[in-house]
Amino acid sequence: MIVNVEDARAAAKARLPRIFFDYVDGGAFGEETLAANRADFARWTLVQRVLNDISTRDLTTHYLGTSHPLPFMLGPVGFLGLYAGNGEIAAARAAHAAGVPLCLSTFSIASIGQLRAATSGPLAFQLYVLSDRAIGDELLAQAEEAGVETLFLTVDTAITSVRERDLRNGFRALTRISPALGLRLLARPRWCLDMLRAGMPEVGAIAHRPEFGKGVLEQASNLSRRIDMGLSWADVERLRARWKGRLVLKGILSPEDARLARAAGADAIVVSNHGGRQLDGAPSTIAALPGIAEAVDGGIEILFDGGIRRGADIIKALALGASGVLLGRAYVYGLAAAGEAGVARILAHLTEEVSLTLGLMGLTSIEQLKKLGTAALKPR
Ligand SMILES: Cc1cc2nc3c(=O)[nH]c(=O)nc-3n(C[C@H](O)[C@H](O)[C@H](O)COP(=O)(O)O)c2cc1C
C-alpha cells in the first residue's frame with residue numbers, strides 16, 4: 001500500500017527496470033549531496049502552537065505571478081514517458097487535477113505541443129541552452145506556440161556530472177538496446193507492456209530532426225552532446241531579451257549567483273542542486289536557502305527543490321523564504337509505480353501532510369506561514 005513517498009519509491013523499484021530506477025534514484029559520485037538534501041531538513045524543527053482554531057486550513061498561495069491551490073508544482077524531470085507510458089501526459093493530468101502546473105523538461109518524450117494538445121492546465125517549459133542556437137530558437141518557438149508563460153532555464157548542467165549507478169548499469173553510454181539489456185528489460189513485463197502500448201519513445205522536441213537519429217536513446221545522447229558548455233550570464237541576458245514571458249533560473253545555490261540572476265533580469269530563481277545529481281559536495285538546498293533569501297531580501301522570487309518527500313519539508317522551505325516548491329523524484333516514483341493515479345496519490349498524500357502539519361503548528365493558511373517565516377522554525 002502506498003501511504004507516502006517512500007512506499008511509492010519501493011513500488012517504483014519493483015516495477016521499473018533497474019537501469020531506469022537507478023537513473024531516477026541516483027545522484028552524483030558519492031551521493032553526499034543527494035543524502036544531505038534529505039538529512040538537512042531534520043536540522044530544523046517546527047514550532048508547535050495549540051488552541052488556535054484550526055478547523056479549516058487554506059493551502060492557497062502565490063508563486064510565479066499567480067495564485068495556486070497548493071504550494072507545490074511538478075518540476076522538470078527528463079524522460080517521464082520512460083517510467084510510465086505517455087508519462088508526461090499522465091503527470092500533467094494529475095497535476096492539473098490538483099490545480100498545479102507541470103514544468104516539461106527539454107528531455108521529454110512528449111513535445112510541449114503534444115502535451116498542450118492533450119491537457120488544458122498550466123504548463124511551464126524547461127530549457128537547456130544548446131550550442132546550436134537555431135535549435136534553441138526552435139524550442140522557444142514551440143513553447144511560445146503552446147502558450148507557455150514561464151520558462152525555466154536550467155543553469156547547473158553546462159557539463160553533466162558522473163552518476164556512478166548509471167556508469168555501472170551502462171546507462172550513460174546507452175544509444176541502443178542490446179540483446180543483454182533487452183533480456184533485463186523483459187524481467188519487468190508490466191513495464192514492457194506499458195511501453196509497447198505507448199509506442200516507440202522519441203525525444204518529442206527534436207524527433208522531427210533527422211540529425212538526432214532515431215529513438216529516444218540515440219536522440220537523447222545527441223541532444224546531450226549539444227548542451228552548451230560555455231553557458232554564461234551573457235546568454236541569460238540574451239535569453240532575457242528574447243523571451244517575453246516569465247524567466248526562472250533553475251540551479252542557483254549561492255547568494256552571489258542569486259544577486260546576479262536578479263541583475264540579469266530573471267523573474268525568479270529555483271534554489272536547486274539538481275537533486276544531488278551534479279556537484280557532489282555542494283550544500284543541500286535547505287542549507288543554502290536561508291543565506292540566499294537573506295541576500296536577495298525580497299528582490300527576486302525564490303522557488304525551491306531538492307529532497308522533498310514530506311509535507312513538513314515543504315513547510316520548512318516556505319518558512320525559510322521560498323514562494324513555492326518543485327517536486328522531483330517524489331512524483332516520479334508515483335508515476336513509475338502507478339501512472340497518473342500514482343502521481344495523483346502522491347499529490348494527495350503531500351496535500352494532506354502539508355495541511356495536517358500546518359494545523360498541528362497552530363496555523364490555518366500557507367500565507368500565514370509565509371508571514372511568520374523563520375519564526376515558524378527552530379534549529380535543532
Ligand atoms: C531522473 C531525473 C531527471 C531530471 N531531469 C531534469 C531535466 O531534464 N531538467 C531539469 O532542469 N532538471 C532535471 N532534474 C532535476 C529536477 O528538476 C529537480 O531539480 C530535482 O529532482 C529535485 O530533487 P528531488 O528529486 O530530490 O526532489 C531531474 C531529476 C531527476 C531525478
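Residues numbered from 1 in each chain as written. Predicted model: local features only at pLDDT ≥ 70, side-chain atom pairs only at ≥ 80, totals over all residues. Heavy atoms only, no water.

Looking at an unreviewed UniProt entry, the chain carries the name Alpha-hydroxy-acid oxidizing protein, with the source organism given as Ancylobacter radicis. UniProt lists a comment for the chain under the heading Cofactor (unreviewed entry), and it reads "FMN". Its UniProt record gives the chain a comment under Sequence similarities (unreviewed entry), which states: "Belongs to the FMN-dependent alpha-hydroxy acid dehydrogenase family." (UniProt positions renumbered as here; feature names shortened; annotations may be inferred.)

Draft legend 1. Just the site of the ligand, in detail. In the region of the ligand, 22 residues are neighbours, and Pro76, Ser105, Thr154, Asp305 and Arg329 sit closest. Residue Gly307 places a main-chain N or O atom 2.8 Å away from an oxygen atom belonging to the ligand. Within the complex, 98% of the 600 Å² of free accessible area of the ligand lies under protein. Of the residues contributing to the shell around the ligand, the split by class is seven nonpolar, ten polar and five charged. (Near = heavy atom within 4 Å. Polar contact = N/O pair within 3.5 Å; in protein donor to acceptor, adjacent residues only side chain to side chain. Areas by Shrake-Rupley, 256 points an atom, 1.4 Å probe, with all protein chains shown as cover. Nonpolar A, V, L, I, M, F, W, Y, C, P; charged D, E, K, R; others polar.)

Draft legend 2. Examining empty space enclosed by the protein more closely. Scanning the model with the defined rule gives one cavity of 30 Å³ or more in all. What the largest cavity holds in volume is close to 30 Å³. As for the largest cavity, its lining consists of Tyr128, Val129, Thr154, Thr157, Ala158, Ile227, Asp228 and Leu231. A class-by-class count of the residues in the lining of the largest cavity yields five nonpolar, two polar and one charged. (1 Å grid on protein atoms, 1.4 Å probe; cavity = no way out; pocket = protein on both sides within 12 Å on 5 of 7 lines; lining within 4 Å. Points joined across faces, edges and corners; volume = space filled by probe spheres on them.)

Draft legend 3. Region of the structure containing the nonpolar core. With 126 residues, the main nonpolar core has Leu74, Tyr83, Leu102, Phe152, Ile269, Phe304 and Tyr331 as its most contacted residues. The element that contributes the greatest number of residues to this core is helix H16 (residues 329-360), accounting for 13 residues. Once residues within four sequence positions are removed from consideration, Phe304 is found in contact with Phe41, Val270, Val271, Thr285, Ile286, Leu289, Ala317, Ala322, Gly324, Val325 and Leu326. (Core = buried A, V, L, I, M, F, W, Y, C linked by side-chain atoms within 4.5 Å. Buried < 20%, exposed > 50% of the residue type's maximum accessible area, 1.4 Å probe, protein only. Helix = DSSP H or I, 4+ residues; strand = E, 2+ residues; numbered from the N terminus. Contact = heavy atoms within 4.5 Å.)

Draft legend 4. Looking closely at helix H7 (residues 133-145). Taking 1.5 Å per residue as the helical rise, H7 with its 13 residues ought to reach 18 Å, and the 18 Å between its terminal C-alpha atoms agrees with that figure. Every buried residue of H7 is listed here: Ile135, Gly136, Leu139, Leu140, Gln142 and Ala143. Within H7, the buried residues cover an arc of 155 degrees as seen down the axis, which keeps them to one side. If you follow the buried residues of H7, they end up packed against helix H6 (112-118), strand S6 (123-127), strand S7 (150-154) and helix H12 (233-242). (Expected span 1.5 Å × (residues − 1). Arc of directions from axis to C-beta.)

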